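This is what each chain is made of:
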There are 2 protein chains.
Amino acid sequence: MFQQLGLIGCGLMGGSFALALKRAGLVKRVVGYSKSPSTTERARQMGVIDVEAPSALLAVSGADIVLIAVPVSATEATFKAIRHLITGNMLIMDVGSTKHDVVDAARRVLRDHLGSFVPCHPIAGKEVSGVEHADADLYKGQQVIITPIERTQVSHLRNAEKVWTAIGCHVSQMSPESHDAAFAAVSHLPHLLAFSLMNSIAGQPFGQEFLALGGPGFRDTTRIAASEPKMWRDILMANRHELIAQTREFQRTLQEMQDAMESGNGDALEALIAKASKLRAGWRMNRKS
Amino acid sequence: MFQQLGLIGCGLMGGSFALALKRAGLVKRVVGYSKSPSTTERARQMGVIDVEAPSALLAVSGADIVLIAVPVSATEATFKAIRHLITGNMLIMDVGSTKHDVVDAARRVLRDHLGSFVPCHPIAGKEVSGVEHADADLYKGQQVIITPIERTQVSHLRNAEKVWTAIGCHVSQMSPESHDAAFAAVSHLPHLLAFSLMNSIAGQPFGQEFLALGGPGFRDTTRIAASEPKMWRDILMANRHELIAQTREFQRTLQEMQDAMESGNGDALEALIAKASKLRAGWRMNRKS
């Protein structure tokens, strides 16, 4: 389907995409670039990429598909680095967890080439990062949200849908704004809660003793607290407007449960638990609507 | 080791204990009682218990080991129902997730037989309940916290340790008060957060659309929100004093992250994430100290 993938960012997300495309026979050659030369070298040694590019610009040169898999805060600089070699036939995608800021950066930088860029968010990941965890199955069975804008070229949009579908993803479309509101709620807020929970307990006089007693529930609710700090700083800051709104709504809901406990109103507390329990028992990941 | 287990409450926790004891050859006969006759009948049909008792009192008759596996709010009534047939040689244990209230109930009701009661909290469970989910492996490899009081008989304490160890548990001891503070932090608060997260998102105009986009992180952080409402109402209410203190501490920590976002202080936010990430990456369940 494609001759050459230009991969900018050879970490977990980018590396897994390259492996998935190779395994599916969708690309002949992968030219990769990472900010850290040792990462690029490691990616080549592992067979994730075929050729090491000395710059983002040279990774794009000659590519017919480009994946930008860098921290969201580095997206704008990446657009600037590559814009001189972008051609109209080149499909450019990202994998950023926020979309409004990425689309804004694309508008500012790409100008005439804006139509080549298809903003994507594959809902996949691990709490570990780095090319050594790259996995051809990372995206399989997962959702990918594409957030096209008015200038996105339909041919590129269709190709983006095809490539994600070909590696096993369920593709859907939203506006960048709706995307960011939704992910503030179901991804960024849960991360914020998991980070806060760890810090809240550890900051107490017997915090370490308490933590040693955590069971399976604690393990699961805090798993994502181990996520990479720099990456999550970028995501939370990029989407902080929506996230702050979600956090306030959450705090109101938490306060409601706390009020029920403080006033000894067990019935009110049980009604709130029952509502949550029913919702969660009926929830399934990747349910097609 | 034991002749007869008197099982009061034939649900997930009680049923799994009976199955584990039987498989380990630690008990000859299990006499069971549940509030709902259909549960007791089902437990017998499944081979979880051997004999159905028509009352809690008759489940205790002739037993040398008794497990009370009822909601914590029903513990005091259970003590009252069985106290006339308790003997000095009978080991009585519970599996309640809170211990201060259970110990208080025991002090009020058991009096001369208080020494026979060994308060236990096995840190095991599933987000589903009922005897149909009973599993001989539920407790295997899990921690059990025993919270003896000054009147607990040492011989019973040793036997309680032996029986949990024999079915594969790691046993440790704490005071009832320390136990409740610790579990407010690592169990009850995570449940409260998971309940609140579900309700907070679902209560918004596009809540259902948002929920449909949840990925693996959302799945894991909310798993325990599907827990049984009545049981968790009881636990949260029984331990609400400690839980409210933990919730306030959590809200302070969450506010600290929100302040960093609101003031645009990415460095402060990253430092808080890094602290949480390091803590969680270094955490292991059931680590022996």
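Residues numbered from 1 in each chain as written. Chains lettered and ligands numbered in written order. Predicted model: local features only at pLDDT ≥ 70, side-chain atom pairs only at ≥ 80, totals over all residues. Heavy atoms only, no water.

## Considering the environment of A:Asn89
Residue and element names in this part refer to chain A.
Okay, so step 1: Looking at the element boundaries, asparagine 89 is found in the loop between helix H4 (75-82) and strand S5 (91-94).
Okay, so step 2: On the accessibility criterion, asparagine 89 (70% relative accessible area) is exposed.
Okay, so step 3: Counting along the chain gives 66 residues from asparagine 89 to serine 155, while the straight-line C-alpha distance between them is 9.4 Å.
Okay, so step 4: Ignoring sequence-local partners within four residues, the contact set of asparagine 89 consists of Asp64 and His156. (Helix = DSSP H or I, 4+ residues; strand = E, 2+ residues; numbered from the N terminus. Buried < 20%, exposed > 50% of the residue type's maximum accessible area, 1.4 Å probe, protein only. Contact = heavy atoms within 4.5 Å.)

## Details of the nonpolar core
Okay, so step 1: If you look at the biggest cluster of nonpolar residues, it comprises 127 residues, and the most contacted ones within it are A:Ile8, A:Leu236, A:Phe250, B:Ile8, B:Leu236 and B:Phe250.
Okay, so step 2: With near-sequence residues (within four places) excluded, A:Ile8 lies in contact with A:Tyr33, A:Ala56, A:Ala59, A:Val60, A:Val66, A:Leu67, A:Ile68, A:Ala69, A:Val70, A:Thr78 and A:Ile82. (Core = buried A, V, L, I, M, F, W, Y, C linked by side-chain atoms within 4.5 Å.)

## What about the packing of helix H11 (residues 240-262) of chain A against helix H12 (residues 266-281) of chain A?
Residues and elements named next belong to chain A.
Okay, so step 1: Where H11 contacts H12, the two axes come as close as 8 Å, and the packing angle between them is 150°. Relative to H12, H11 is oriented roughly antiparallel. Two secondary-structure elements touch here, H11 through Glu256, Met257, Ala260 and Met261 and H12 through Ala268, Leu269, Leu272 and Ile273. (Axes fitted to C-alpha atoms, helices over the stretch in contact; angles between N-to-C directions. Parallel < 35°, antiparallel > 145°, perpendicular 65-115°, else oblique.)

## Quick notes on the sheet that holds strand S6 (residues 117-118) of chain A
All names here are of chain A.
Okay, so step 1: The parallel open sheet is built from 6 strands, whose spatial order is S3-S2-S1-S4-S5-S6. Of all the strands in the sheet, just strand S3 (51-52) and S6 have a single pairing partner and so form its edges.
Okay, so step 2: In this structure, strand S1 (residues 2-8) lies alongside strand S4 (residues 65-68), joined through 4 bridges in parallel fashion. The residue of S4 that forms the bridge with isoleucine 8 is isoleucine 68.
Okay, so step 3: Contacts between H4 and the sheet are confined to S1, S4 and S6, with S4 contributing the most and set at about 150° to the helix.
Okay, so step 4: In the packing of helix H6 (residues 154-166) onto the sheet, contacts are made with S1, S4, S5 and S6, and the angle to S5 comes to roughly 60°. (Pairing = 2+ DSSP bridges.)

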